[in-house]
Amino acid sequence: MLKSDDEIKRMAETCRIVAEVLEGIKAQIVPGVTTGELDKAVESAIRSRGGRPAFKGYRGYPASVCTSVNEQVVHGIPGSVKLRLGDIISLDVGVQYRGFYGDAAITLPVGAVSTQAVKLLAVSERALEEGLEKCRAGNRLSDISAAIQRCVEAEGFSIVRSFVGHGIGRSLHEEPQIPNFGNPGEGPELVPGMTLAIEPMVNAGNWEVEILADGWTAVTKDRSLSAHFEHTVAVTKNGLNILTKL
Ligand code: MF3
Ligand code: CO
């Protein structure tokens, strides 16, 4: 579903809310804060900007932000868990505003973290950047996937298979699905007007994940650390527009 320049402008307004909310929450990532408190802060930051938390109620998901700590990969549910010094936490925020969706995620350290965690965060963020580099008209969809996988595996980490990036726009999830692994040169050609959410999930150990009994929280099977970075972007004739970047 290709977007016009005007529609991309409107999506940029939604995505700006996502970016501002993530930026605002950074100061609250301190030892002792509960993930439930972070959820409250995210929800009020979204609503005070006129947006609606896109994840709340989506297939029954109960919160405004996904908070995935340490070995949790994605879709962690906020609650009474307190952050501790040395944890890492992934924060995934989706907003609907004036008919359009935006979706982004970051992973942050809680104070000083292990050398391995520092490297995991750096490599995961770089994997997203290298995927975004490939979001250009004329490339093929799997060029994004291959660039992300190459970056992650070159550093000895692994890329999660069972969750993918996605098209986004008037729905949170649109075609196409965007795996974070694969061979380059496959899938549809990228053309101006495509709006995509690119979201690598990177494990320090094996790529396999399992879902906890709450039906949502994905954790690494080997309980190694995991990180998640995501941006919503638009492919335009003038190059890439990273809509969830401030
Ligand atoms: N970024 C994730 C996605 O695109 C977050 C979804 S959380 C959910 O699917 F609760 F909405 F499922
Ligand atoms: Co997403």
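Residues numbered from 1 in each chain as written. Chains lettered and ligands numbered in written order. Predicted model: local features only at pLDDT ≥ 70, side-chain atom pairs only at ≥ 80, totals over all residues. Heavy atoms only, no water.

Visitor: Please provide a residue-by-residue account of the coordination of the cobalt ion (ligand 2), values included.
Guide: In ideal tetrahedral geometry, four donors around a metal make angles of 109.5 degrees, whereas ideal octahedral geometry with six donors gives angles of 90 or 180 degrees. Looking at the cobalt ion (ligand 2), the protein donor atoms are Asp103 (OD), His166 (NE2), Glu199 (OE) and Glu230 (OE), and they sit 2.0 to 2.3 Å from it. In this structure, the cobalt ion (ligand 2) is coordinated by 6 donor atoms arranged in irregular fashion, with angles at the metal of 68 to 172°. The sequence pattern formed by the donor residues of the cobalt ion (ligand 2) is D-x62-H-x32-E-x30-E. Of the two residues, Asp103 is situated in strand S5 (residues 100-109) and His166 in strand S7 (residues 165-167); the sequence distance between them amounts to 63 residues. Each member of the pair Asp103 and His166 is classed as buried. (Donors = N, O, S within 2.8 Å, 3.2 Å for Na, K, Ca; no water. Tetrahedral: all angles 85-135°; square planar, octahedral: opposite > 155°, others 65-115°. Helix = DSSP H or I, 4+ residues; strand = E, 2+ residues; numbered from the N terminus. Buried < 20%, exposed > 50% of the residue type's maximum accessible area, 1.4 Å probe, protein only.)

Visitor: Just give me the short version of the side chain of Thr195, but keep the residues and values in it.
Guide: With respect to the helices, strands and loops of the structure, Thr195 is situated in strand S9 (residues 195-198). On the basis of relative accessibility, which here comes to 3%, the residue Thr195 falls in the buried class. One polar contact links Thr195 to Lys3, side chain to side chain, over a distance of 3.0 Å. Separated by 2.6 Å, the side chain of Thr195 and the backbone oxygen of Ile168 make a polar contact. The residues touching Thr195, leaving out its near neighbours within four places in the chain, are Lys3, Ile8, Met11, Gly167, Ile168, Val233 and Ala234. (Polar contact = N/O pair within 3.5 Å; in protein donor to acceptor, adjacent residues only side chain to side chain. Contact = heavy atoms within 4.5 Å.)

Visitor: Before we move on, can you summarise the site of ligand 1 with the specific residues and values?
Guide: Phe55, Tyr58, Tyr61, Cys66, His75, Asp92, Asp103, His166, His173, Glu199, Trp216 and Glu230 make up every residue found near ligand 1. Taking Asp92, its side chain carries an N or O atom lying 2.7 Å from a nitrogen atom of ligand 1. One of the side-chain N or O atoms of Asp103 is found 3.0 Å from an oxygen atom in ligand 1. For ligand 1, whose accessible area on its own is 330 Å², the fraction buried by protein is 94%. Residues of the shell around ligand 1, tallied by class, amount to 5 nonpolar, 3 polar and 4 charged. (Near = heavy atom within 4 Å. Areas by Shrake-Rupley, 256 points an atom, 1.4 Å probe, with all protein chains shown as cover. Nonpolar A, V, L, I, M, F, W, Y, C, P; charged D, E, K, R; others polar.)

These figures come from the coordinates and say nothing about function on their own.
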